[in-house]
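Understanding the architecture of this molecule
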Number of protein chains: 4
Amino acid sequence: MKVVFIGDIVGSVGRDAVKRLLPWIKDKYQPHIIIANGENAAAGRGINAAITRELFEWGVHGITMGNHTWDNREIFEFIDDEPRMIRPANLPEGSTPGRGYTAIKVGSKELAIVNLMGRTFLPPSDCPFRKADDILSELRQKHKCILVDFHAEATSEKIAMGWHLDGRASFVVGTHTHVQTNDDRILPGGTAYLTDAGMTGPRDGVLGMERESVIRKFITGLPSRFQVAETKWILSGACVEIDEATGRATKIQTIRVDEDSWIAS
Amino acid sequence: MKVVFIGDIVGSVGRDAVKRLLPWIKDKYQPHIIIANGENAAAGRGINAAITRELFEWGVHGITMGNHTWDNREIFEFIDDEPRMIRPANLPEGSTPGRGYTAIKVGSKELAIVNLMGRTFLPPSDCPFRKADDILSELRQKHKCILVDFHAEATSEKIAMGWHLDGRASFVVGTHTHVQTNDDRILPGGTAYLTDAGMTGPRDGVLGMERESVIRKFITGLPSRFQVAETKWILSGACVEIDEATGRATKIQTIRVDEDSWIAS
Amino acid sequence: MKVVFIGDIVGSVGRDAVKRLLPWIKDKYQPHIIIANGENAAAGRGINAAITRELFEWGVHGITMGNHTWDNREIFEFIDDEPRMIRPANLPEGSTPGRGYTAIKVGSKELAIVNLMGRTFLPPSDCPFRKADDILSELRQKHKCILVDFHAEATSEKIAMGWHLDGRASFVVGTHTHVQTNDDRILPGGTAYLTDAGMTGPRDGVLGMERESVIRKFITGLPSRFQVAETKWILSGACVEIDEATGRATKIQTIRVDEDSWIAS
Amino acid sequence: MKVVFIGDIVGSVGRDAVKRLLPWIKDKYQPHIIIANGENAAAGRGINAAITRELFEWGVHGITMGNHTWDNREIFEFIDDEPRMIRPANLPEGSTPGRGYTAIKVGSKELAIVNLMGRTFLPPSDCPFRKADDILSELRQKHKCILVDFHAEATSEKIAMGWHLDGRASFVVGTHTHVQTNDDRILPGGTAYLTDAGMTGPRDGVLGMERESVIRKFITGLPSRFQVAETKWILSGACVEIDEATGRATKIQTIRVDEDSWIAS
Ligand SMILES: [Fe+2]
Ligand SMILES: [Fe+2]
Ligand SMILES: [Fe+2]
Ligand SMILES: [Fe+2]
Ligand SMILES: [Fe+2]
Ligand SMILES: [Fe+2]
Ligand SMILES: [Fe+2]
Ligand SMILES: [Fe+2]
């Protein structure tokens, strides 16, 4: 099975990139299942119902989230009824709407998806390592092909999670830093690993936001309203091939397409 | 001028990688100047006099540091007398030993080097943006070719610095996260930029440390002694070409060599 | 000289407490100068022109601020023209409106006021210790009586500042945690010290905000809109006596009045 | 029932204060049960078997801990066999030695003790609010008199916990900041509350450590070895009276004794 994962989609610039590039991605990578991180899809802050619908229409099969899950309050109205949206699983049971893992079936292919959030340099949450253990031991009774989006800041926590799940997940992909890492590899147990998929959004901002405001904030400390930058786009992600008989990844390659280079191609 | 920058060297595994690969790097990239980050060279914590000497002997021309600068107390004995060692410049003037920027001359080529440290998710220090302004306005009176190693955790702060210095530095390279990023580019003003050069050290640890201890620490919270992992190595860095007439970068390429692939080559 | 300092005034509940209690405070403590921290005076977030005017009308002579200085954007319109408002001094020179220290004269009494902000668990700023050194060496050429409001989170940083300034300031008072500490004392060099003056605002909230929202946020992690609690008030502060010939404090006592006990008295 | 709680005992200076003052405390407050926080008892870092024994010999009936629980590795040898030592309860089940709550019986009086740790500005742990709910619903089946030591940094988190447990615990006392707060009160549901009990240790250090080293570290950022200060002592704590029929607190008073004033008395 081939799976494409698309990193944090930021604002309309990021959504436009997804819309334009998905046909090309389908053609080039021939993925059976496409998953995208949507925590910044609505103007950089959360996601809403219309955008969710659009992403599914364009060909995304599942949407993972992160620390910005609740930024747009509209999500509370539909997350419980949208089985293809997955928010971090290590949030309080009972009080957190939505689901932290699910299985997505496309034709004859089925992929389990887990979303977890890190704790280093991020707000408190339940232990992602122990939560991963619980979820994977349940999922692995039925599934061999499992993707984990570990939404985290610190490279130490992400790499530790990759090794912790090696042999139990097919693909552990990091999100949140909005910068793709150049460390794609397949760990000895068969888990494809990438510390961060990178961002899909404005190429010339800072994490997708207007760079002047962000720089001014760093220098002056004065309050700034951050808006999504209106620049050319970049699309970032990865394609992984999974042996369905074993759940082991056999290939991982990063996807990094920038508006200029793509037009040229 | 061609410059090779080598990311955080971790322990003896990282030093061995540097020693073995430098001849190959010199041959392949033909660099005029080689700079390396050495903040983890001594068993993962700081650097000492013997290791410093070795790195220079093998062909490194300048060593930048970071938040681990002072981990090995031996550095206090020699840093003031070692003009080729550069520690973060945005530390308190008056009380901080060593220098935060310098110029390194190799044959007819001269490169100014600046080391700065971020403040997001790191201990307090002076503002790296304003400090960069001060240093660059001084350096640019004499130098066109300037490399800035911005040792920082947050991608937002690093990207903001890249844009802040675009047109004023030849190369802004991030260090500290120990994971190479896949976002090498030349910004419109002529500054080569890479969010993180990545680590040169044990490939199968967590940031170079034994992964079992790190994972156990994340899961149990109990105290752990972290030691440099004894695994195969990875060497990470970048090569940049600078037009000496203007100081503008004309090319940037990442370097990522792993023990297995190198032996194969 | 007798000085009364009033801790962080929170919202209309806190302002009401100040208005009602100031006559009683003047009567009981006979202060020559009254200083209050106003960073939360406008609905918990910053301050505005009308509230500033009111506080001065009621008898406050100077207003210090903190990390919430800029929360209400109206402040940018008047801070440069209001010499009795003091925001943290260790903010970037050049780009920060307002002033970080001043002298306030009431009748024949003159008190220099300095506002500084901590860096532990707070956003980056310039070093408050070195900034204090600079300001005090300037102020002490003209002034003996000096009050420093050190707006900081960590007890370690606040106590360190108290000792650092012992013998150079008349009174080092902490603000920001909204809980009065029971450690008022006069240090050996003659500096009155109190780790935190405490809050002047709703007694039964959490730091002055509605407690249900805050507790829900801690438990669920879901977004919450925090509003100032509508409960009975508490007024917190301290009274210090300073020997004007030497600048040394001779007495410090905490002020803690709660709506119930005050009505009773 | 009368309960005395003694705040974080720091090093030999703190232990000496406990030894000397316990007879006076017993005489003055007539407590049935004495609990002390011991996380800094061994040279400021953790506790060991000999010190634990001593504290019990002198009359302490139970010892609570905090983020420094494991600093002295000796604790791993005896914590499982010492039922009167209580470490934070919201640590991972299964992998954490010791217990997070217990009941201590002295004569005919029985007090349940819970130790919890905050998450704001502290390392990740399980949610202390939900953990408190679980433990209290168990304890309250058998116990009316319950003391909770909430070891936390942020005043917001501590006050929120006080209100969260109001009516379910007899006494919620904060520890960790080493500065006693002046906000002792009985909440409407009958829970005695104090944000921080304060430190029992060297009066003239910074949180009990030598102040010169701490100040130098704040100013220079250079590494410092912190040692317990050799100064006069302060003992900090609180005495609470609990109605055993209901578990409601009827009185709370802070205890703050300093070597000078005590000798004088
Ligand atoms: Fe994101
Ligand atoms: Fe995120
Ligand atoms: Fe490093
Ligand atoms: Fe580092
Ligand atoms: Fe405040
Ligand atoms: Fe504040
Ligand atoms: Fe402590
Ligand atoms: Fe503590």
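From a predicted model like this one, the values you see are computed outputs, not experimental measurements.

Moving on: the UniProt feature "binding site: Fe cation 2" (unreviewed entry) in chain A. Residue and element names in this part refer to chain A. Those residues carrying the UniProt feature "binding site: Fe cation 2" (unreviewed entry) are Glu39, Asn67, His151 and His176 in this numbering. These annotated residues cover 138 residues of sequence, but their C-alpha atoms sit close together, with the largest distance between any two at 10.1 Å. Positionally, His151 belongs in strand 7 (residues 146-151). Given the relative accessible area of 0%, His151 is considered buried. Inspection of the secondary structure assignment puts His176 in the loop between strand 8 (171-175) and strand 9 (185-186). His176 sits in the buried class, given a relative accessible area of 13%. In contact with His176, not counting residues within four places along its chain, are Asp8, Glu39, Asn67, Leu122, His151, Ala152, Glu153 and Asp196.

All names here are of chain B. At the metal site, the iron ion (ligand 3) is ligated by Asp8 (OD), Glu39 (OE), Asn40 (OD1) and His178 (NE2), and these contacts range over 2.1 to 2.2 Å. Viewed at the metal, the four donor atoms of the iron ion (ligand 3) are separated by angles of 88 to 163 degrees, and the geometry they form is irregular. Taken as a pair, the iron ion (ligand 3) and the iron ion (ligand 4) show a spacing of 3.4 Å, with Glu39 coordinating each metal. Here His178 lies in the loop between strand 8 (171-175) and strand 9 (185-186) and Glu39 lies in the loop between strand 2 (33-37) and helix 2 (49-58), a separation of 139 residues in the sequence. Neither Glu39 nor His178 differs from the other in exposure class; each is buried.

Looking now at the state of the cysteines. Per the stated rule, a full pass over the model turns up zero disulfides over all chains. Left unpaired, B:Cys127 is separated from the closest cysteine sulfur, that of C:Cys127, by 14 Å. Free cysteine B:Cys145: the closest other cysteine sulfur is in B:Cys239, separated by 13 Å. The exposure class of B:Cys145 is buried, given its relative accessible area of 4%.

Time to look at the relation of the copies chain B and chain A. Note on the copies: chain B fits chain A at an RMSD of 0.0 Å, the axial shift is 0.0 Å, and the rotation between them is 180 degrees. Such a combination of rotation and displacement between the chain copies is what one expects of a two-fold axis. By C-alpha distance to the rotation axis, the residue of chain B lying nearest is B:Thr181, at 1.9 Å.

What follows concerns the interface of chain B and chain A. When the parts come together, some accessible area is lost, and that loss is often what is quoted as the size of the interface. Listed as interface residues are 35 residues of chain B and, on the opposing side, 35 residues of chain A. A buried area of about 3200 Å², summed over both sides, lies between chain B and chain A, and 63% of it is on carbon and sulfur atoms. For chain B, the biggest contributors to the area lost against chain A are B:Trp163, B:Asn182 and B:Phe218; these three give 21% of the whole. Joining chain B to chain A, the criterion identifies four salt bridges. With a closest N to O distance of 3.0 Å, A:Arg256 and B:Asp184 form a salt bridge. Connecting chain B to chain A are twelve residue pairs in polar contact (both at pLDDT 80 or more). Taken together, the elements giving at least two residues each to the side of chain B that touches chain A come down to helix 4 (128-139), helix 5 (155-164), helix 6 (211-220) and strand 13 (248-258) of chain B. Among the elements that make up the side of chain B that touches chain A, the one with the highest residue count is helix 5 of chain B (seven residues).

Next up on the list: the sheet that holds strand 5 (residues 101-106) of chain A. Residues and elements named next belong to chain A. One open sheet accounts for six strands, arranged 5-6-7-8-10-9; its pairing is mixed. Two strands in the sheet have a free side with no partner beyond their single neighbour: strand 5 and strand 9. Across five bridges, strand 7 lies against strand 8 in parallel orientation. Along strand 8, the bridge assignment pairs Phe150 with Gly174. Along the sheet face, helix 4 (residues 128-139) touches strand 5, strand 6 (109-117) and strand 7 and points at about 165 degrees away from the line of strand 6.

Attention now moves to the relation of the copies chain D and chain C. Superposition of chain D onto chain C requires a rotation of 180 degrees combined with a translation of 0.0 Å along the rotation axis, giving an RMSD of 0.0 Å. Here 100% of the contact residues of chain D are again contact residues in chain C; the copies associate through an equivalent surface.

It is worth spelling out the coordination of the iron ion (ligand 8) at this point. Angles at a metal have ideal values that depend on geometry: 109.5 degrees with four tetrahedral donors, 90 or 180 degrees with six octahedral donors. Residue and element names in this part refer to chain D. At this site the iron ion (ligand 8) is bound by Glu39 (OE), Asn67 (OD1), His151 (NE2) and His176 (ND1), with donor distances of 2.1 to 2.2 Å. Metal-centred angles of 84 to 149 degrees between the four donor atoms at the iron ion (ligand 8) mark the site as irregular. Motif for the iron ion (ligand 8), donor spacing along one chain: E-x27-N-x83-H-x24-H. A distance of 3.4 Å spans the gap from the iron ion (ligand 8) to the iron ion (ligand 7), which Glu39 bridges by coordinating each metal.

Here helix 4 of chain B is twelve residues long and its end C-alpha atoms lie 16 Å apart, about the 16 Å a rise of 1.5 Å per residue gives. Taken together, the buried positions of helix 4 of chain B are occupied by B:Pro128, B:Phe129, B:Lys131, B:Ala132, B:Ile135, B:Leu136 and B:Leu139. When helix 4 of chain B is viewed along its axis, its buried side chains cluster within an angular range of 155 degrees and face the same direction. Where helix 4 of chain B is buried, its residues meet helix 6 (211-220) of chain A together with strand 5 (101-106), strand 6 (109-117), strand 7 (146-151) and helix 5 of chain B.

With that settled, consider the side chain of A:Ser236. All names here are of chain A. Note that Ser236 resides in strand 12 (residues 233-242). Its relative accessible area of 3% is what places Ser236 among the buried residues. Within the local environment of Ser236, its side chain forms a polar contact with the backbone oxygen of Met199, the two atoms lying 2.7 Å apart. Apart from residues no more than four positions distant in its own chain, Ser236 is found in contact with Phe5, Ile6, Gly7, Gln180, Ala197, Gly198, Met199, Thr200 and Ile255.

All names here are of chain A. Mapped onto this numbering, the UniProt entry annotates "binding site: Fe cation 1" (unreviewed entry) at Asp8, Glu39, Asn40 and His178. The annotated residues occupy 171 residues of the chain but converge on a single region, no pair of C-alpha atoms lying more than 11.3 Å apart. Since its relative accessible area comes to 1%, Glu39 is described here as buried. Here Glu39 is in contact with Asp8, Gly44, Arg45, Gly46, Thr64, Met65, Gly66, Asn67, His68, His151, His176 and His178, once residues within four sequence places are set aside. One polar contact links the side chain of Glu39 to the main-chain amide nitrogen of Asn67, over a distance of 3.1 Å. With respect to the helices, strands and loops of the structure, Asn40 is situated in the loop between strand 2 (33-37) and helix 2 (49-58).

Next up on the list: the interface of chain D and chain C. Taken together, the contact pairs 35 residues of chain D with 35 residues of chain C. Summing the contributions of chain D and of chain C, the shared interface buries around 3200 Å²; its carbon and sulfur component is 63%. On the surface where chain D and chain C come into contact, there are four salt bridges. Residue D:Asp204 pairs with C:Arg185 through a salt bridge whose shortest N-O separation is 2.6 Å. In this assembly, chain D and chain C are joined by twelve residue pairs in polar contact (both at pLDDT 80 or more). Taken together, the elements giving at least two residues each to the side of chain D that touches chain C come down to helix 4 (128-139), helix 5 (155-165), helix 6 (211-220) and strand 13 (249-258) of chain D. Element by element, the count of residues in the side of chain D that touches chain C is highest for helix 5 of chain D, at seven residues. Of the residues that constitute the side of chain D that touches chain C, the class distribution is 14 nonpolar, eleven polar and ten charged.

This part takes up the pattern of salt bridges. Should their charged atoms come close, side chains of opposite charge can pair. Scanning the entire structure with this criterion turns up 48 salt bridges over all chains. For B:Asp260, the salt bridge is made with B:Arg203, and the minimal N-O distance between the two is 2.8 Å. Remark: B:Arg203 occurs in the loop between strand 11 (201-202) and helix 6 and B:Asp260 occurs in helix 7 (residues 259-264); sequence separation between them is 57 residues. Its relative accessible area of 35% is what places B:Asp260 among the partly exposed residues. Among the ionic pairs, C:Asp260 bridges to C:Lys232, the shortest N-O distance being 2.6 Å. Pair noted here: C:Asp260 is in helix 7 (residues 259-264) and C:Lys232 is in the loop between helix 6 (211-220) and strand 12 (233-242), with a separation of 28 residues, a long-range link. Each of A:Arg185, B:Arg203, B:Asp204, B:Lys232, B:Asp258 and B:Asp260 takes part in one network of salt bridges that share partners.

Cut-offs and rules
Residues numbered from 1 in each chain as written. Chains lettered and ligands numbered in written order. Predicted model: local features only at pLDDT ≥ 70, side-chain atom pairs only at ≥ 80, totals over all residues. Heavy atoms only, no water. UniProt positions renumbered as here; feature names shortened; annotations may be inferred. Helix = DSSP H or I, 4+ residues; strand = E, 2+ residues; numbered from the N terminus. Buried < 20%, exposed > 50% of the residue type's maximum accessible area, 1.4 Å probe, protein only. Contact = heavy atoms within 4.5 Å. Donors = N, O, S within 2.8 Å, 3.2 Å for Na, K, Ca; no water. Tetrahedral: all angles 85-135°; square planar, octahedral: opposite > 155°, others 65-115°. Disulfide = S-S within 2.5 Å. Least-squares fit on C-alpha atoms with pLDDT ≥ 70 in both. Buried area = accessible area lost by both parts, 1.4 Å probe. Salt bridge = Lys/Arg side-chain N within 4 Å of Asp/Glu carboxyl O. Polar contact = N/O pair within 3.5 Å; in protein donor to acceptor, adjacent residues only side chain to side chain. Pairing = 2+ DSSP bridges. Axes fitted to C-alpha atoms, helices over the stretch in contact; angles between N-to-C directions. Expected span 1.5 Å × (residues − 1). Arc of directions from axis to C-beta. Nonpolar A, V, L, I, M, F, W, Y, C, P; charged D, E, K, R; others polar.

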